[in-house]
Every structure is written in C-alpha cells, then in structure tokens.
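Inside the fold
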Amino acid sequence: NAGVTQTPKFQVLKTGQSMTLQCAQDMNHNSMYWYRQDPGMGLRLIYYSASEGTTDKGEVPNGYNVSRLNKREFSLRLESAAPSQTSVYFCASRHVPGQPQHFGDGTRLSIL
Amino acid sequence: QQPVQSPQAVILREGEDAVINCSSSKALYSVHWYRQKHGEAPVFLMILLKGGEQKGHEKISASFNEKKQQSSLYLTASQLSYSGTYFCGSEGFGNEKLTFGTGTRLTIIP
C-alpha cells in the first residue's frame, strides 16, 4: 500500500549541481503535482500534470523542469541548483479535480 | 491568488474549541482541508464541494459558503493529537490546480 513514493528523502547539493527528484504513485491517478514548502510557509505549486503527456507551470516554475514519464511517474529536475531552492519538496497525486490529493513523504533538499 | 487563513496561530487547552477560517478572492468549486504535523506530509481531512455544505469527521467539521467564497473548519473538544498546521486549499471551476493558504498553526496543551 505504497501510495505516493518520493526518492530521495534527503539530499545535499552544491550550487550549480543538477539533480532529479523522483515521484511514483500506484493509485492509477491521472493528475500529479510538485510543491515546495519553505520553513513556516505554505505549499507552493511548481509544476503539475493533469494527465499523461501534459505538464503545466504552477506558481513558482523558474529554475525547474518536469517530465511525466508515464501515468505513474512524474519527475522534477533542477538543472543548476541555487541556495534559494533549498526547501522541502512534496509530490502529490489525485484522480480528478474535486478529489483529495495524496502526498508523498517529501524530499528535504539543501543547496550549499 | 492564495486563500487567506485566520488566525495564523492559536493555542488551546485540551477540550477547548477552535475555528479556522479560509477566505478566497475567487469563485470556488471546492475547498479542501489538510493537516500537517511537524516534519511530515500534509494529510487530507475533508473536501467541501457545494455551497453551504457542511461535513463532519469525528469532532472536526467544516462549512463552505460558496457565495462568500469562505470556508471554516471547526475543531470541537480538541485533543492533543489535533496539534499541527492546518491548510485550506481552494479549487476554481475547471481548474486542475489546488492553491493552498498560508496555514494556521494549532497547538493543544494539556
């Protein structure tokens, strides 16, 4: 009963390095989302994918790219990491609008 | 536009009641409520889909006034386990995105 699985759970990068955060869901959900959460803040949407083969920008897309590899997997890539991207990243999925979002456990990313 | 939540933080003694409000500047299709404990992922509480709808979950219930674009979360006879940060999420018509509020930190003390 995995739900939404994110890897890795923790990562430390140096400024300028690149990295891909992985997310997979086993609930056959159509929509997937990437959020970032800074300390004491709410969740801000980076990118989302309403269905396999489509992706759209959220509130804070700059510095990120995404790939909806198939219905199960949605990855987030930082091409050239910056200290401002230090955050906790959450992946979420749901079947359709109006349904609850299910969250992964998060990836804690620090960029030095 | 991010929904506005109030209050930003509240401290209660066990057994007391609390109300958390969520207000949007846009017409809403639904409002979601989530609770997040420190260091964990947000957990879904409930969705309200219709104007004036009220839903309940044990001692936690919520209302949704579609005309006013507002929702309120009611926590009755609070328990220690209710501590955490509560987020509302607003969803517009025909919109795939869920926009979260800034959160309300609830602390329950014995």
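Residue positions are counted from 1 within each chain, in the order its sequence is given. Chain labels run from A onward and ligand labels from 1 onward, assigned in the order the entries are written. Per-residue local features are limited, in this predicted model, to residues with pLDDT of at least 70; the limit for side-chain atom pairs, both in listing and counting, is 80 or more; totals at the level of whole chains, interfaces and linings are taken over all residues. To get the side-chain values, take all heavy atoms of the structure and skip hydrogens and water.

1. Quick look at the overall build of chain A
What counts, and what does not: Secondary structure is summarised from DSSP: a helix means a run of H or I of at least four residues, a strand means a run of E of at least two, and numbering begins at the N terminus for each. Throughout this description, buried means an accessible area under 20% of the type-specific maximum (1.4 Å probe, protein chains only), exposed means over 50%, and partly exposed covers the range between. Working rule for contacts: check all heavy atoms of both residues, and any pair within 4.5 Å makes them a contact. Areas reported as accessible are Shrake-Rupley estimates using a 1.4 Å probe. Residue values count occlusion only from the protein chains shown. In summary, the charge assignment counts Lys and Arg as positive and Asp and Glu as negative, without counting His or the chain termini. A charge is said to be at NZ when it belongs to Lys, at CZ for Arg, at CG for Asp and at CD for Glu.
Along the backbone of chain A there are 0 helices and 11 strands. Starting at the N terminus, the α and β elements of chain A follow one another as β-β-β-β-β-β-β-β-β-β-β. Oriented by its inertia axes, the alpha-carbon framework of chain A measures out at about 35 × 25 × 20 Å. Within chain A, buried positions represent 47% of all 112 residues. Counted over contacts in chain A with a minimum sequence separation of 6, partners at least 24 positions apart contribute 54%. Carbon together with sulfur atoms contributes 49% to the accessible area of chain A, which is approximately 5,100 Å² in total. Charge separation in chain A, taken as the distance between the mean sites of 11 positive and 8 negative side-chain charges, equals 3 Å.

2. Things to note about the interface of chain B and chain A
Put simply, the rule is: By buried area we mean how much accessible surface two parts lose on assembly, using a 1.4 Å probe and totalling the loss over both. By definition here, a salt bridge exists when the distance from a side-chain nitrogen of Lys or Arg to a carboxyl oxygen of Asp or Glu is within 4 Å. Polar contacts, as counted here, are pairs of nitrogen or oxygen atoms within 3.5 Å of one another; within protein the pair requires one atom able to donate a hydrogen and one able to accept it, and residues that are adjacent in sequence qualify only if both atoms are side-chain atoms.
On the chain A side, the residues contacting the 21 residues of chain B number 22 residues. In total, about 1,600 Å² of surface goes out of reach between chain B and chain A, with carbon and sulfur atoms giving 58% of it. When residues of chain B are sorted by the area they lose upon contact with chain A, B:Glu96, B:Lys97 and B:Phe100 head the list and together hold 35% of the total. Viewed at the interface, chain A and chain B are joined by 1 salt bridge. Between the two partners, chain B and chain A, sit 8 residue pairs in polar contact (both at pLDDT 80 or more). For the side of chain B that touches chain A, the secondary structure elements donating two or more residues are strand E4 (30-36), strand E5 (43-48), strand E9 (84-91) and strand E10 (99-100) of chain B. For the side of chain B that touches chain A, the element with the highest residue contribution is E4(B), accounting for 3 residues.

3. Regarding the packing of aromatic side chains
The condition that has to hold: Stacked, tilted and edge-to-face pairs are distinguished by plane angle, under 30 degrees for stacked and over 60 for edge-to-face with tilted covering the rest, among Phe, Tyr and Trp rings (Trp via its six-membered ring) whose centres lie within 6.5 Å.
Under the counting rule described, the total for this entry stands at 10 aromatic pairs over all chains. Seen in terms of ring centroids, B:Tyr34 and B:Phe44 are 5.7 Å apart; in terms of plane orientation they differ by 70°. Their pairing is edge-to-face. Linking B:Tyr34 in strand E4 with B:Phe44 in strand E5, this pair joins segments that are 10 residues apart in sequence. The rings of A:Tyr33, A:Tyr35, A:Tyr48, A:Phe90, A:Phe103, B:Tyr34, B:Phe44 and B:Phe100 are connected pair by pair, giving a single aromatic cluster.

4. Considerations on the pattern of salt bridges
Counted according to the given criterion, the structure contains 4 salt bridges over all chains. Across the pair A:Arg36 and A:Asp38 runs a salt bridge, and its minimum N-O distance is 2.9 Å. Of the charged contacts in the structure, one is a salt bridge between B:Glu91 and A:Arg94, with a shortest N-O distance of 2.6 Å. In this pair, B:Glu91 is assigned in strand E9 and A:Arg94 in strand E9 (residues 87-94), connecting two distinct chains. One exposure class covers both B:Glu91 and A:Arg94, and it is buried.

5. With respect to the sheet that holds strand E8 (residues 74-78) of chain A
Residue and element names in this part refer to chain A. Rules: In this description, strands pair whenever DSSP reports at least two bridges between them. Only the stretch in contact is used when fitting a helix axis, every axis being a line fitted to C-alpha atoms; angles between N-to-C directions are given from 0 to 180 degrees.
Pairing in this open sheet of 4 strands is antiparallel, and the strands run E1-E3-E8-E7 from one edge to the other. Among the strands making up the open sheet, the edge pair consists of strand E1 (4-7) and strand E7 (64-68). The average angle at which neighbouring strand axes cross in this sheet is 15°, direction not considered.

6. Concerning the environment of B:Leu12
With respect to the helices and strands, the residue B:Leu12 is situated in strand E2 (residues 9-13). Those residues within four positions of B:Leu12 in sequence are excluded, and the remaining contacts are B:Asp17, B:Ala18, B:Ser78, B:Leu106, B:Thr107, B:Ile108 and B:Ile109.

7. As for the nonpolar core
Put simply, the rule reads: In this description, a nonpolar core means a group of buried Ala, Val, Leu, Ile, Met, Phe, Trp, Tyr and Cys residues linked to one another through side-chain atoms lying within 4.5 Å.
Ranked by internal contacts, the top residues of the largest apolar core, which has 20 residues, are B:Trp33, B:Met46, B:Leu73, B:Leu75, B:Tyr82, B:Tyr86 and B:Leu106. Core analysis: the next-biggest nonpolar cluster, separate from the first, contains 19 residues, A:Ile46, A:Tyr47, A:Tyr64 and A:Tyr89 among them.

8. Overview of the pairing of strand E11 (residues 104-109) of chain B
Residues and elements named next belong to chain B. Burial along E11 is one-sided: Thr104, Leu106 and Ile108 are buried, while Arg105, Thr107 and Ile109, pointing the other way, are not. For E9 and E11, the ladder comprises 3 bridges, and the chain directions are antiparallel. Bridged to tyrosine 86 within E11 is threonine 104.

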